[in-house]
Number of protein chains: 4
Amino acid sequence: MYSFSDTSLQLQDRLVRFMDDYIYPNERAHAEQLDHADNRFAPLPLIDQLKDKAKQAGLWNLFVTPELSHFADHPGLSHFDYAPLAEIMGRVLWSPEVFNCNAPDTGNMEVLMKYGNADQQATWLTPLLNGDIRSCYCMTEPDTACSDATNVQLQIRRDGDEWVLNGRKWFITNAFHERSKILIVMGKSDPDNPNRHQQQSQVLVPKETPGVELVRPLSTLGYDDAPLGHAEVHFNNVRVPLGNMLLGEGRGFEIAQGRLGPGRIHHCMRLIGVAQRSLELACQRAESRATFGRPLSQHQSVREDIARCFSEIEMARLLLLKTCRQMDQHGTQGALDLIAASKTTVPRLVQNIIDRCMQIHGAGGLTADYCMAEGFNYARWCRLADGPDQVHEMTLGKTIIRRYADQNGAAS
Amino acid sequence: MYSFSDTSLQLQDRLVRFMDDYIYPNERAHAEQLDHADNRFAPLPLIDQLKDKAKQAGLWNLFVTPELSHFADHPGLSHFDYAPLAEIMGRVLWSPEVFNCNAPDTGNMEVLMKYGNADQQATWLTPLLNGDIRSCYCMTEPDTACSDATNVQLQIRRDGDEWVLNGRKWFITNAFHERSKILIVMGKSDPDNPNRHQQQSQVLVPKETPGVELVRPLSTLGYDDAPLGHAEVHFNNVRVPLGNMLLGEGRGFEIAQGRLGPGRIHHCMRLIGVAQRSLELACQRAESRATFGRPLSQHQSVREDIARCFSEIEMARLLLLKTCRQMDQHGTQGALDLIAASKTTVPRLVQNIIDRCMQIHGAGGLTADYCMAEGFNYARWCRLADGPDQVHEMTLGKTIIRRYADQNGAAS
Amino acid sequence: MYSFSDTSLQLQDRLVRFMDDYIYPNERAHAEQLDHADNRFAPLPLIDQLKDKAKQAGLWNLFVTPELSHFADHPGLSHFDYAPLAEIMGRVLWSPEVFNCNAPDTGNMEVLMKYGNADQQATWLTPLLNGDIRSCYCMTEPDTACSDATNVQLQIRRDGDEWVLNGRKWFITNAFHERSKILIVMGKSDPDNPNRHQQQSQVLVPKETPGVELVRPLSTLGYDDAPLGHAEVHFNNVRVPLGNMLLGEGRGFEIAQGRLGPGRIHHCMRLIGVAQRSLELACQRAESRATFGRPLSQHQSVREDIARCFSEIEMARLLLLKTCRQMDQHGTQGALDLIAASKTTVPRLVQNIIDRCMQIHGAGGLTADYCMAEGFNYARWCRLADGPDQVHEMTLGKTIIRRYADQNGAAS
Amino acid sequence: MYSFSDTSLQLQDRLVRFMDDYIYPNERAHAEQLDHADNRFAPLPLIDQLKDKAKQAGLWNLFVTPELSHFADHPGLSHFDYAPLAEIMGRVLWSPEVFNCNAPDTGNMEVLMKYGNADQQATWLTPLLNGDIRSCYCMTEPDTACSDATNVQLQIRRDGDEWVLNGRKWFITNAFHERSKILIVMGKSDPDNPNRHQQQSQVLVPKETPGVELVRPLSTLGYDDAPLGHAEVHFNNVRVPLGNMLLGEGRGFEIAQGRLGPGRIHHCMRLIGVAQRSLELACQRAESRATFGRPLSQHQSVREDIARCFSEIEMARLLLLKTCRQMDQHGTQGALDLIAASKTTVPRLVQNIIDRCMQIHGAGGLTADYCMAEGFNYARWCRLADGPDQVHEMTLGKTIIRRYADQNGAAS
């Protein structure tokens, strides 16, 4: 029904081989390096080695789209062509960093490519594209529901030649990572602006700036997601030069809108990868494990569960691909309905798919012996990341009602 | 992501106009003619008038595929190109007959096109293609689970120059319809054949043949589905000439396999049409109805329900289109996994979608004032028609397990 | 965990025997009398015969509670003690009328017992208690969402010695029933009253009063629920004497509140009966039907479905019994949370339970050969009757939030 | 509907006060002691202090039933009377140990009370009842599906005056706990016995015995459940005296049966406590958090979610209480159907309840700031502990089918 470009197909082949050669065989090593690390947020030697190999293999910065390809070593991939690549990476949750394709760095690089000036790009974008540093995006706050981005409370006040930041953020991925050097911070610079979409600005804050306080790491369902992690970060009279403003004062909301579309579907792509791998694991388990005198694979209910997983993965993938195509052709703004549909549907489906696959494994299915438990946490988290599903369903429902409510009687 | 042929697009336009001009405005008239009919299984004058108009509009026998197009007045439509047309027809459940595209006649015509000889085609196929007569497909039996087609028990015995049929069938759609003239009957002609897929034959039985007993109409969830209906039919020493055998003795299972793939996806296409229309109705209701001081459309839970309906319809449609494409390119046998996925997923999704849309309507949502209740029944019935979901999930699960169980360790 | 009174236990025994002796053996006869009736809303001879037998067996008006027992021939049964009796009756949906325990007559009798004056009781209550006439309760309107009872629009205007009614109602059960003689009609008598709960009145309207127009029967899914039925009823300048006011002007809302609690849980009791019988049927089917070489009962997924049905029926029954106990001890007002919990939970559970049981039966499961399809319709309808689930969940949610929101920190 | 004994009611009061005074205020301290522990499996000073207080308060060993009360300082509590106490403890997952009521120690103490001889009781039961040591129950194996207990593979071979154990176990809770001193090990002592329920024995193995190898801790989702933990344990030629056999050779299966009933319902009791607390937290959040200009509590979908949580908790609790009552009156063997119903229903309901409550909290809902994420993991784990739900549903389904399949036609 759909076909990927030759470029994408070749990259898929190459990526599959890379996964077979370097990623799957290193899963245990990765777990052990992390388990025995003195500092769980330090870079892992293994990752650094693999990053070099990925660069050499031309599997680097694949997330860059054609219109931004002057920043990359390749001609750019449409969302549609990138989707199967991100899905493959999603099969091992730590692998996207190996290809410099991990959140939130990809989204931050896009922000810098689209909205950064030459200075900002030279200082921060170049090392990010090289994979030399990591970055943070500071949006969510503990005290307000930031699913409504206009709720952001962190204060950005001008004082002479500097912006002064005060406020609290949390769920700041990468903040504890030792290589993380730069924070993009969303806050309110003009709280009294009558246009509530022009009250916000985004400012670049080097992590080492005095007043940036990493309060504590946060876990989700028991996972600290090291070495990236999610941190609570306080900004106590943090001062940066005026030149650290992105795009312009009062344009923070605009940047946020531009950033979030691709971010959401990248999560969905990777989730489909975890789901697909969980299904494959469940099939292998069903064949190799016997209860009550028969292999699991001969139990009718196991077959039904497998069948549902297959059908749901197919549907999730198709919805996502359609969303990608729509974004490629009409931009984020022209695909808001499908982005919302994917954002609210794919993580929920994937959570249930993995839940079933874990169950087929018995108690071992919940352990770190498989990718499933961590993938389950990822899916569960994506139902809240970038705003709870309910917020997106509200907007989507409103759009759909408006679309059909005025039809003439013939359709009724 | 996908695009229909120009032919399909033009037909979609024409069909939408036909629905607007002739079908929607006649929904009430159709209901009244049926309500006041002396015989609910007699042809409705309205349908006959509309059939003429549809023929004139070139909206006739659209289900015919390119490789069988010598039987039609058009060059044939792939499953993929036919899908949106069947979806549009599905918005009014009695409308497919207007376009000579209703089950089970389409499947029966396909059987005659593919497996009938010239005589059989002249006698039965031509009037069917003209819409002059209707037909039945006699597979399901009350006494055995015919989801396993080899279970069929009806006896087909040769006696001199005749086949003699004895046995009981039920859920024989169209049997009570006054214009229904011909039954395709599946039975066992060689019960001792060691190959259990060669024990069955299919025989053409004119409805008026002595011994064909229409025992009673059956209802599903209160619906008699008149004027087509579902009947219990007994065959008591029914005698037909040897020439009435289709394709050849012992080839009944083969015919059944060939027939069922398209039949299943045609149901799914129409179901998506009902679901889509239910969603549109729910949007209109949400906007026009107020409770507790606000229109329903402003209630968060209504918006969530609408959003889920939208996402699920998108996914169901995409899954179905991919299935069609696969069938077009690789035949039914090359698309068994996706056919099973569609067959088991689409009706279940649609049942839930309509359930929500009825709920948004309040008590009126369950009445015949809307298409929803009957569509709900249709979806529910499709979860059992051509075999319960569980049977197809069993086969699909088995296939998927086999596909992935042998992967090497790298993927695990 | 709980124990019924000896009286209830003895009545349960007697009722089970009555069902075995007279109800189950007459299910086919009932269906046939109805199928062949000239008028589907005429009393069935079978029902009349069985009513006599039930009276003789002392199985009559069992719904009457102790505080109203002076109206009955027995000392009254608490809701708790009545629950298992109503459950048994629920196994055959037409049977409650045999015991004069069917909706809406029971609720109407309660209204007359509690709020009627001596004249009103003599004229209408006595023949209702005798089972000589049937009655209607006219609340729901097609044009407004009457789940908010204050929305009622039907106009009750005083004109001299008469009340004049104008407006439209629908879903008026029993209205077409030939023996139905009296309508209790809720309307607005004082639309400008600042207290919106005192704007409504309830008035007794003999069905034969000029201006009472039975517009049409309504169906839910495909059921007309004959011989009771659900009607759309218009009131066109309907005039009744002032003495037909119930309780007093402006007290209509109060009556509605008093009536609805028991009505809702009676539905739930009967639904549990249908669900229980469906489960038993599914068990029998699972044992007697084979597919793919094994009885259904040996398929793991069938066993899982049966297990879930069992567990859910247990839970639904327990929730309902607790609700009954609470009502017995603290009245409807003291049990609003549990009534709402039962009202929104039991029908949904039962709908799903029956759905599974039908599926285990294959195509036959949807037909009138079993009680399941009609029970499914009953459960579906109860999710809208007396207000959609969502309305009750709104109220219940609000109550629960208020209950826990103020707890001190210790509990958090 | 049900009432607890005065003893239970008084204990509930006392326990609620203890939680308010000592447990809730120490939740943060507990988390910090664990986070900063050098060894996460060492006893926490806080727990030791609280244990002393609980003993003084008479809140100690409350799980002991009346027939075993000679082992306790109190007259014993029925399962029914204990249920609300365990529910209260369940609100803080680490609190049961404070009252010496935590799994698996309670189950192990029961085994020793019921099946241990005087020597075994003096050596191991007494310190366990005092809370001085901890214990393990070694049933589950990595290589076989031990949901079928006869599958156990660990070898118990007699060699002179000793039993020699060889094999692998996993999910051995408490194994890494520093105070854990004794393992009850299930294995096969007579693999060729024609009665497959007499092949197993259970043997007491001091943890310090040579050959007992603690291989690694296991996590579920992201939790290590320290300081109890779940371990993989290998037995390499582990030798214990003949006197360490429990009850007698070949009676291991019998012991396992006796142990598992109460264990399963204790988990359910505690899960209901977590669910109840999650609901309360969600109510508080709904009231204190605003999005889009209104508190969450005014969003219709939040109210619906809260309403469903309330109803489902009620039902889960009622099912469990009925199960307890049945066990109290008819023993584990007489309550197998209800135990299976609780075991398969309660964890699933609770998982979904907590999932909704976390969602209402936004991203913070997944963190360790609340009890919910850990409770979610507990519920998820209970769907596999003591055998996956599917195994219990298989048995329950079989029982129910047998119960109803033979009913006479009257009921059908």
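None of the values given here were measured: they were computed from a predicted structure. (Residues numbered from 1 in each chain as written. Chains lettered and ligands numbered in written order. Predicted model: local features only at pLDDT ≥ 70, side-chain atom pairs only at ≥ 80, totals over all residues. Heavy atoms only, no water.)

### A closer look at the overall build of chain A
A count of helical and extended segments in chain A gives 11 helices and 9 strands. Taken against the 2.2 N^0.38 rule, which gives 22 Å for 412 residues, the C-alpha radius of gyration of chain A at 22 Å falls within 12% of a compact globule. With the C-alpha coordinates aligned to their principal axes, the bounding extent of chain A is approximately 80 × 70 × 40 Å. With 412 residues in all, chain A has 67% of them scored as buried. Within chain A, counting contacts between residues at least 6 apart in sequence, those at least 24 apart form 74% of the total. (Helix = DSSP H or I, 4+ residues; strand = E, 2+ residues; numbered from the N terminus. Rg over C-alpha atoms; globule rule 2.2 N^0.38 Å. Buried < 20%, exposed > 50% of the residue type's maximum accessible area, 1.4 Å probe, protein only. Contact = heavy atoms within 4.5 Å.)

### A closer look at the interface of chain C and chain B
Each side of the interface is counted separately: chain C has 43 residues, and chain B has 43 residues. For arginine 216 of chain C, the salt bridge identified is with aspartate 369 of chain B, shortest N-O distance 2.7 Å. On inspection of chain C and its partner chain B, the count reaches 24 residue pairs in polar contact (both at pLDDT 80 or more). (Salt bridge = Lys/Arg side-chain N within 4 Å of Asp/Glu carboxyl O. Polar contact = N/O pair within 3.5 Å; in protein donor to acceptor, adjacent residues only side chain to side chain.)

### Quick notes on the relation of the copies chain C and chain B
In screw terms, the move from chain C to chain B is a rotation of 180° and a rise of 0.0 Å along the axis, fitting with an RMSD of 0.0 Å. The superposition of one copy onto the other is thereby described by a two-fold rotation axis. Rotation axis and chain C: the residue whose C-alpha lies nearest the axis is glycine 222 of chain C, separated from it by 1.8 Å. When you check the interface residues of chain C against chain B, 100% turn up at the interface there too, and the contact is symmetric in its surfaces. (Least-squares fit on C-alpha atoms with pLDDT ≥ 70 in both.)

### Remarks on the packing of aromatic side chains
Throughout the structure, instances matching the rule amount to 30 aromatic pairs over all chains. An angle of 85° between the planes, with centres 6.1 Å apart, marks the rings of tyrosine 2 of chain A and phenylalanine 80 of chain A as edge-to-face. Taken together, the positions of tyrosine 2 of chain A in the segment before helix H1 (6-23) and phenylalanine 80 of chain A in helix H4 (residues 79-90) put the pair 78 residues apart, joining distant regions of the chain. Of the two residues, tyrosine 2 of chain A and phenylalanine 80 of chain A, both sit in the buried class. Taking 5.3 Å as the distance between ring centres and 65° as the angle between the ring planes, the aromatic pair formed by phenylalanine 18 of chain C and phenylalanine 99 of chain C counts as edge-to-face. (Phe/Tyr/Trp six-rings, centres within 6.5 Å; stacked < 30°, edge-to-face > 60°.)

### With respect to unusual backbone geometry
Looking along the chain, the bond that leaves alanine 103 of chain B and enters proline 104 of chain B is cis, with omega of 0°. Checked against the element boundaries, proline 104 of chain B lands in the loop between helix H4 (79-90) and helix H5 (105-115). Positive phi, close to 60°, is recorded for aspartate 386 of chain C, a residue that is not glycine. Residue classification places aspartate 386 of chain C among the partly exposed positions, given a relative accessible area of 31%.

### A closer look at the environment of isoleucine 23 of chain B
Residue and element names in this part refer to chain B. Mapped onto the secondary structure, isoleucine 23 falls in helix H1 (residues 6-23). The class of isoleucine 23 is buried, set by a relative accessible area of 0%. Separated by 383 residues in the primary sequence, isoleucine 23 and aspartate 406 place their C-alpha atoms 53 Å from one another. Isoleucine 23 has contacts with Phe18, Leu50, Val92, Trp94, Ser95, Val98 and Phe99, leaving out every residue within four places of it along the chain.

### Some words on the interface of chain A and chain B
On the chain B side, the residues contacting the 55 residues of chain A number 55 residues. Interface of chain A and chain B: buried area, both sides summed, is about 4,900 Å²; carbon and sulfur atoms make up 65% of it. It is Met1, Met315 and Ile401 of chain A that lose the most area in chain A upon contact with chain B, and together they represent 16% of the buried surface on that side. Viewed at the interface, chain B and chain A are joined by 4 salt bridges. The residue lysine 322 of chain B makes a salt bridge to glutamate 314 of chain A at a minimum N-O spacing of 2.9 Å. Run the count over chain A and chain B and you get 12 residue pairs in polar contact (both at pLDDT 80 or more). Put simply, the parts of the chain that give the side of chain A that touches chain B at least two residues each are helix H7 (252-288), helix H8 (300-330), helix H9 (336-360) and helix H11 (389-405) of chain A. Ranked by the residues each element gives to the side of chain A that touches chain B, the list is headed by H8 of chain A, at 16 residues. (Buried area = accessible area lost by both parts, 1.4 Å probe.)

### A short note on the nonpolar core
Among the nonpolar cores identified, the biggest contains 487 residues, and Phe99 of chain A, Phe99 of chain B, Phe99 of chain C together with Phe99 of chain D are the most heavily contacted of them. Other than its neighbours up to four places away in sequence, phenylalanine 99 of chain A contacts Leu15, Phe18, Met19, Ile23, Ala54, Leu59, Trp60, Asn61 and Met89 of chain A. (Core = buried A, V, L, I, M, F, W, Y, C linked by side-chain atoms within 4.5 Å.)

### Let's talk about the pairing of strand S2 (residues 155-159) of chain B
Residue and element names in this part refer to chain B. The pairing of S2 with strand S3 (residues 162-173) spans 5 bridges and is classified as antiparallel. Along S3, the bridge assignment pairs arginine 157 with valine 164. Between S2 and S3, which pair antiparallel in sequence order, lie 2 residues; one of them, glycine 160, sits at a positive phi of approximately 65°. (Pairing = 2+ DSSP bridges.)

### Remarks on the side chain of aspartate 305 of chain B
All names here are of chain B. Looking at the secondary structure, you find aspartate 305 in helix H8 (residues 300-330). Buried charge aspartate 305 goes without a salt bridge, the closest partner of opposite sign being arginine 356 at 4.2 Å. Sequence-distant contacts of aspartate 305, that is, excluding residues within four places in its chain, are made with Arg356 and Ile360. (Lys, Arg positive; Asp, Glu negative; His and termini not counted.)

### Considerations on the UniProt feature "domain: Acyl-CoA oxidase/dehydrogenase middle" (unreviewed entry) in chain A
The UniProt record marks residues 136-238 of chain A with the feature "domain: Acyl-CoA oxidase/dehydrogenase middle" (unreviewed entry), using the residue numbering of this structure. With 0% helix and 50% strand, residues 136-238 of chain A has its two end C-alpha atoms placed 16 Å apart. (UniProt positions renumbered as here; feature names shortened; annotations may be inferred.)

### Thoughts on the pattern of salt bridges
Evaluated as defined, the whole model comprises 96 salt bridges over all chains. Measuring nitrogen to oxygen at the nearest pair gives 3.0 Å for the salt bridge that ties arginine 383 of chain C to aspartate 355 of chain B. One end of the pair, arginine 383 of chain C, is in the loop between helix H11 (372-382) and helix H12 (389-405); the other, aspartate 355 of chain B, is in helix H9 (residues 336-360), on a second chain. Overlapping salt bridges, with partners in common, bring together Lys343, Arg380, Arg383 and Asp389 of chain A together with Asp355 of chain D in one network.

### What to know about the domain arrangement of chain A
Residues and elements named next belong to chain A. Domains assigned within chain A are domain 1 (6-130), domain 2 (134-250) and domain 3 (254-403). The C-alpha centroid of domain 3 is placed 29 Å from the C-alpha centroid of domain 2. Tallying the contact residues gives 13 residues for domain 2 and 13 residues for domain 3. Between domain 2 and domain 3, the buried area comes to about 1,100 Å², and carbon and sulfur atoms account for 68% of it. Area buried by domain 2 at its contact with domain 3 is led by Tyr137, Ser147 and Tyr223, which between them contribute 41% of it. Linking domain 2 with domain 3 are 0 salt bridges. Where domain 2 touches domain 3, the interface holds 1 residue pair in polar contact (both at pLDDT 80 or more). Class assignment for the residues of the side of domain 2 that touches domain 3 results in 8 nonpolar, 4 polar and 1 charged. (Domains from an automatic or database assignment. Nonpolar A, V, L, I, M, F, W, Y, C, P; charged D, E, K, R; others polar.)

### Notes on the packing of H1 of chain A against helix H3 (residues 45-56) of chain A
Residues and elements named next belong to chain A. Their axes nearest at 12 Å, the elements H1 and H3 cross at an angle of 150°. When the interaxial angle is binned, H1 and H3 end up roughly antiparallel. Judged by the twist between their axes, the crossing of H1 over H3 is right-handed. Contacts between H1 and H3 involve Phe18, Tyr22 and Ile23 on the former and, on the latter, Leu50, Lys53 and Ala54. (Axes fitted to C-alpha atoms, helices over the stretch in contact; angles between N-to-C directions. Parallel < 35°, antiparallel > 145°, perpendicular 65-115°, else oblique. Left-handed = near helix turned anticlockwise from the far one by under 90°.)

### Quick look at the relation of the copies chain A and chain B
The operation relating the two chain copies consists of a rotation about an axis and a shift along that axis. For these two chains of identical sequence, chain A goes onto chain B by a turn of 180° and a shift of 0.0 Å along the axis, with RMSD 0.0 Å. When the interface residues of chain A are mapped onto chain B, 100% of them again lie at the interface, so the same face is used by both copies.

### A look at the environment of valine 185 of chain A
All names here are of chain A. Note on placement: valine 185 falls in strand S4 (residues 180-188). As a C-alpha pair, valine 185 and isoleucine 156 span 29 residues in sequence and 9.4 Å in three-dimensional space. Apart from the residues lying within four places of it in its own chain, the contact partners of valine 185 are Cys138, Leu154, Ile156, Leu165, Lys169, Ser201, Gln202, Val203, Val205 and Phe235.

### So, the packing of helix H8 (residues 252-288) of chain C against H11 of chain C
All names here are of chain C. Contact geometry of H8 with H11 gives a least axis separation of 10 Å together with a crossing angle of 145°. Handedness of the crossing formed by H8 with H11: left-handed. Contacts between H8 and H11 involve His267, Arg270, Leu271, Val274, Ser278 and Leu281 from the former and Met372, Gly375, Tyr378, Ala379, Trp381 and Cys382 from the latter.

### Considering the state of the cysteines
On inspection of all chains with the given rule, the structure shows 0 disulfides over all chains. Looking at cysteine 309 of chain A, it has no disulfide partner, and the nearest cysteine sulfur is the one in cysteine 357 of chain A, 4.0 Å off. (Disulfide = S-S within 2.5 Å.)

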